[in-house]
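The lines below spell out each chain.
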Amino acid sequence: MNIRSLTRGDGVVIGAAVLLLIASFLDIYSFDGAPDSADIPSLWGSGPVVLGVVLAGVIGAALIVVARAMPQPKKVVGLDLGQFGIAFTVFAAWSALGNIFDPAGAFDGEGGVIDEFGAGLGLILALIATLVMAAAAVATPLLPALKGALIPAARPAAPQPYGGQPQGGYGYPGAQQQPYGGQPGQPGQPGQPGQPFGGQPQPGPAQPQPQAPQQAQAQAQPAGDFSPFWFAVPVPRPLFAEDGSPTPIAELAPGTWYLAVEQRGANLVAQTQDGRRGVLQDTSGIQRG
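Residues numbered from 1 in each chain as written. Predicted model: local features only at pLDDT ≥ 70, side-chain atom pairs only at ≥ 80, totals over all residues. Heavy atoms only, no water.

## Some remarks on the overall build of the chain
The following threshold applies: Helix and strand definitions follow DSSP, with helices as H or I runs of at least four residues and strands as E runs of at least two, each counted in order from the N terminus. For the exposure calls, accessible area comes from a 1.4 Å probe over protein chains only, and a residue counts as buried if that area is under 20% of its type's maximum, exposed if over 50%, partly exposed in between. Residues are treated as being in contact if the distance between any of their heavy atoms lies within 4.5 Å. Here, Shrake-Rupley sampling with a 1.4 Å probe gives the accessible areas, and only protein chains in the shown set may cover a residue.
In terms of helices and strands, the chain carries ten helices and eleven strands. Relative to its 289 residues, the chain shows a buried fraction of 33%. Considering only intrachain contacts with a sequence separation of at least 6, the fraction spanning at least 24 residues in the chain is 65%. Surface summary for the chain: the accessible area is close to 16300 Å², and the carbon and sulfur share equals 61%.

This is the structure in structure tokens:
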């Protein structure tokens, strides 16, 4: 499981689930003029509310988060876990709405008792939490603002294999002085230049002239060839098999760095952390490391 694949919409679902748990410990009923010493039960005192609102909402949020964090979506009777989670959250919101309108349920006592009977703070907060949860679960795949990564992708800790090569191989002065400037012995041995070159007093000034075209060639070579690089995707994207199969072999998640090892036209051949390789067809908006 990769928590970096969670989206902002998943964060809203998690926050709503926490609010629902808090609301479950508050009063389920309210009575006008009830004394402070009145022992009013919480949402846990009603079986239908616990099963239809609290547990349904928490289970739905858990299914959505687990489905998003898994590298391969799990299916039950042909449906993804995330789809089951969305259904649970919508059902929880619907149940909470029904309990708001009729908090007493089948108890329709006569004599004016029900006139002073209403929904408590816990039930009201549960309705708000489940409505927000269901709205975020349904809207996350549709709204780009909710599709963004909940945890921003961190920059690669050690980009030496790709970001450091041009500097060390072409721009780093020490690497150039060894093959060219190190032979005459100029860096630290001023008495040895005359031994290999006899009486030539100008080995130092003449060396920068051949270095310039060689350095230019070295810098021009990487521009024409593909160089592997790290990248991250802004939203979850499928990774297809290299043989052209239409079935995805993996899903690239936001917040995780992947290695691009080859370029095929507008597509990239990417490698996951577990060594699987596939073709990324949608490369728009990727972040290079």
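## Brief notes about a nonpolar patch on the surface
Note the cut-off: Each patch is built from residues that are more than 30% exposed by relative accessible area and take part in no salt bridge. Like charges join if they lie within 9 Å; nonpolar side chains (Val, Leu, Ile, Met, Phe, Trp, Tyr) join within 5 Å. Whenever a carboxyl oxygen of Asp or Glu lies within 4 Å of a side-chain nitrogen of Lys or Arg, that contact is scored as a salt bridge.
On the surface, Leu21, Phe25, Trp44, Leu51, Leu55, Ile59 and Phe88 cluster together to form a nonpolar patch covering roughly 660 Å² of accessible area. It is helix α2 (residues 47-69) that contributes the most residues to the nonpolar patch, three residues altogether. By secondary structure assignment, the location of Trp44 is in the loop between β1 (29-31) and α2.

## Remarks on the pattern of salt bridges
Under the defined criterion, the tally for this structure stands at six salt bridges. One salt bridge connects Glu242 with Arg264, and the closest N-O pair in it is separated by 2.8 Å. Here Glu242 is found in the loop between β6 (237-240) and β7 (248-252), whereas its partner Arg264 is found in strand β8 (residues 258-264), with 22 residues between them in sequence. Assessed through its relative accessible area of 33%, Glu242 is described here as partly exposed. The exposure class assigned to Arg264 is partly exposed, which follows from its relative accessible area of 34%.

## Thoughts on α2
Since the α-helix advances by 3.6 residues per turn, residues separated by three or four positions end up pointing in the same direction. Put simply, the rule reads: By definition here, a helix of n residues has an expected span of 1.5 Å times n minus one. Bending is quantified residue by residue as the angle between axes fitted to the seven-residue window ending at that residue and the seven-residue window starting at it.
Between its first and last C-alpha, α2 extends 31 Å over 23 residues, near the 33 Å set by a 1.5 Å rise per residue. The axis of α2 is deflected most strongly, by about 35°, at Leu55.

## Topic: the side chain of Asn99
Along the chain, Asn99 falls in helix α3 (residues 81-101). Every residue in contact with Asn99, bar those within four places of it in the chain, is listed here: Val49, Val53 and Leu123.

## What to know about the packing of helix α1 (residues 8-23) against α2
We apply this condition: Axes here refer to lines fitted to C-alpha atoms; in helices the fit is confined to the stretch in contact. Angles between the N-to-C directions go from 0 to 180 degrees. In these notes the angle categories are as follows: under 35 degrees is roughly parallel, over 145 is roughly antiparallel, 65 to 115 is roughly perpendicular, and the rest is oblique. In a left-handed crossing the near helix is turned counterclockwise from the far helix by less than a right angle, and in a right-handed crossing that turn is clockwise.
Contact pair α1 / α2: the axes reach a minimum separation of 10 Å and the direction vectors enclose 155°. Between α1 and α2, the angle is such that the two are roughly antiparallel. Once α1 is placed against α2, the crossing between them reads as left-handed. Together, Asp10, Val13, Ile14, Ala17, Leu20 and Leu21 of α1 and Val53, Val54, Gly57, Val58, Ala61, Ile64, Val65 and Arg68 of α2 make up the contact between the two elements.

## What to know about α1
Basically, it comes down to this: The arc in question is the one traced by the directions running from the helix axis out to the C-beta atoms.
The end-to-end C-alpha distance of α1, which contains 16 residues, comes to 23 Å, matching closely the 22 Å that a straight helix rising 1.5 Å per residue would cover. Regarding α1, the residues found buried are Gly9, Asp10, Val13, Ala16, Ala17, Leu20 and Ala23. Buried residues of α1, seen end-on, are gathered within an arc of 135° and therefore sit on one face of the element. Contacts made by the buried residues of α1 are with α2, α4 (121-139) and α5 (144-147).

## A word on the confidence of the model for the chain
Selection criterion: Residue-level confidence of the predictor is what pLDDT reports, using numbers from 0 through 100.
With 67% of its residues at a pLDDT of 70 or more, the chain has an overall mean of 74. Of all the helices and strands in the chain, helix α6 (residues 160-171) carries the lowest mean pLDDT, 40, while α4 carries the highest, 93. This stretch, residues 158-223, has a pLDDT under 50; its non-local contacts, to residues over four places away or in other chains, come to 38 contacts.

## Side note on the pairing of strand β9 (residues 267-271)
To keep things clear, this is the line we draw: Between any two strands, pairing holds if DSSP finds at least two bridges.
Bridge count between β8 and β9: five bridges; the pairing is antiparallel. Across the sheet, residue Gln263 finds its bridge partner in β9, namely Leu268. Here β8 hands over to β9 after two residues, with Gly265 in that stretch at a positive phi of 65°. By the bridge criterion, four bridges tie β9 to strand β10 (residues 277-280) in an arrangement that is antiparallel. From the neighbouring strand, Val269 faces β10, where its bridge partner is Val279. Hairpin remark: β9 followed by β10, antiparallel, with five residues in the connecting loop; positive phi at Gly275, about 95°.

## Considering the packing of α1 against α4
Here is the rule we go by: All amino acids are sorted into three groups, where Ala, Val, Leu, Ile, Met, Phe, Trp, Tyr, Cys and Pro are nonpolar, Asp, Glu, Lys and Arg are charged, and the leftover types, Gly among them, are polar.
At a minimum axis separation of 8 Å, α1 and α4 run at an interaxial angle of 165°. Considering their axes alone, α1 and α4 lie roughly antiparallel with respect to each other. In terms of crossing hand, the pair formed by α1 and α4 is left-handed. Seen from α1, the contacting residues are Gly9, Val12, Val13, Ala16, Ala17, Leu19, Leu20 and Ala23; seen from α4, they are Gly122, Leu125, Ala126, Ala129, Thr130, Val132, Met133, Ala136 and Ala137. Among the residues forming the contact of α1 with α4, the class breakdown is 14 nonpolar, three polar and no charged.

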